[in-house]
Amino acid sequence: QVQLVESGGGLVQPGGSLRLSCSASGNIFSIYAMGWYRQAPGKQRELVATITSGGRTNYADSVKGRFTISRMNFKTTVSLQMNSLKPEDTAVYYCNHRTGSNDYWGQGTQVTVSS
């Protein structure tokens, strides 16, 4: 059984920074990609950033230049550094690990950007 646990969410002022992290427990192999998605109230879940096993990254246009996704070598851990946060970034952020046969999701962590 694989479980993903996110941490690092919270309340931050506009222009501030947060770093989210996600680690997997259990027996997981052959991870092709890891990523972060978010969902705001009344909106569909959207991609924020992904990183492949080869290290290639992809970002939503809305976060380019502000967010950075990274992974630990040989580990099932992924982080999201969020800078210059805006109120529009307020959402529940979900961690994702993709293998050849499954998508695994964390429970989500709340990020609130407000003055």
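Residues numbered from 1 in each chain as written. Predicted model: local features only at pLDDT ≥ 70, side-chain atom pairs only at ≥ 80, totals over all residues. Heavy atoms only, no water.

A.B. asks: Residue-level account of the overall build of the protein chain, with values.
C.D. replies: If you tally the helices and strands in the protein chain, you get zero helices and 11 strands. Ordered by position in the sequence, the α and β elements of the protein chain form the string β-β-β-β-β-β-β-β-β-β-β. Compactness check: the protein chain gives a C-alpha radius of gyration of 14 Å against a globular reference of 13 Å for 115 residues, within 12% of the reference. Across its three principal directions, the C-alpha atoms of the protein chain cover 40 × 25 × 20 Å. Long-range contacts, defined as pairs at least 24 residues apart, comprise 53% of the intrachain contacts of the protein chain with a sequence gap of at least 6. For the protein chain, the exposed area adds up to about 6500 Å²; of that, 46% sits on carbon and sulfur atoms. With 11 positive and 6 negative side-chain charges, the protein chain shows a separation of 6 Å between the mean positions of the two kinds. (Helix = DSSP H or I, 4+ residues; strand = E, 2+ residues; numbered from the N terminus. Rg over C-alpha atoms; globule rule 2.2 N^0.38 Å. Contact = heavy atoms within 4.5 Å. Areas by Shrake-Rupley, 256 points an atom, 1.4 Å probe, with all protein chains shown as cover. Lys, Arg positive; Asp, Glu negative; His and termini not counted. Charge placed at Lys NZ, Arg CZ, Asp CG, Glu CD.)

A.B. asks: Before we move on, can you summarise the sheet that holds strand β8 (residues 77–82) with the specific residues and values?
C.D. replies: Spatially, four strands are ordered β1-β3-β8-β7 in an open sheet, and the strand pairing comes out antiparallel. Among the strands making up the open sheet, the edge pair consists of β1 (3–7) and β7 (67–71). Each adjacent strand pair in this sheet contributes to an overall mean axis angle of 15°, direction not counted. Relative to β8, β7 runs antiparallel, the two sharing five bridges. In the sheet register, isoleucine 69 faces β8, and the bridge partner there is leucine 80. (Pairing = 2+ DSSP bridges. Axes fitted to C-alpha atoms, helices over the stretch in contact; angles between N-to-C directions.)

A.B. asks: With reference to specific residues and values, describe unusual backbone geometry.
C.D. replies: Of note, the phi angle at serine 30 is positive, near 55°, even though the residue is not glycine. Tracing the sequence through the fold places serine 30 in the loop between β3 (18–25) and β4 (31–39). Looking at serine 30, the relative accessible area reads 51%, which means it is exposed. Positive phi is not limited to glycine here, since serine 84 has a value of about 50°. The topology assignment puts serine 84 in the loop between β8 and β9 (91–99). (Buried < 20%, exposed > 50% of the residue type's maximum accessible area, 1.4 Å probe, protein only.)

A.B. asks: Requested: an account of the pairing of strand β11 (residues 109–113), with residues and values cited.
C.D. replies: Along β11, the buried face is formed by Thr109, Val111 and Val113; none of Gln110 and Thr112, which line the opposite face, is buried. Examined bridge by bridge, strand β2 (residues 10–12) and β11 share three bridges and lie parallel to one another. Residue pairing in the sheet places leucine 11 in a bridge with threonine 112 of β11. Examined bridge by bridge, β9 and β11 share three bridges and lie antiparallel to one another. Bridge assignment links alanine 91 to a residue of β11, and that residue is valine 111.

A.B. asks: Describe the pattern of salt bridges, listing the residues and the values that go with them.
C.D. replies: This structure, assessed with the given rule, holds five salt bridges. For the salt bridge of aspartate 89 with arginine 38, the shortest nitrogen-to-oxygen distance reads 3.0 Å. Of this pair, aspartate 89 sits in the loop between β8 and β9 while arginine 38 sits in strand β4, and the two are 51 residues apart along the sequence. Neither residue differs from the other here; aspartate 89 and arginine 38 are each classed as buried. For the salt bridge of lysine 64 with aspartate 61, the shortest nitrogen-to-oxygen distance reads 3.1 Å. For the residue pair lysine 64 and aspartate 61, the accessibility class agrees, reading exposed in each case. Beyond isolated ion pairs, a larger network of salt bridges with shared partners links Arg38, Glu46, Arg66 and Asp89. (Salt bridge = Lys/Arg side-chain N within 4 Å of Asp/Glu carboxyl O.)

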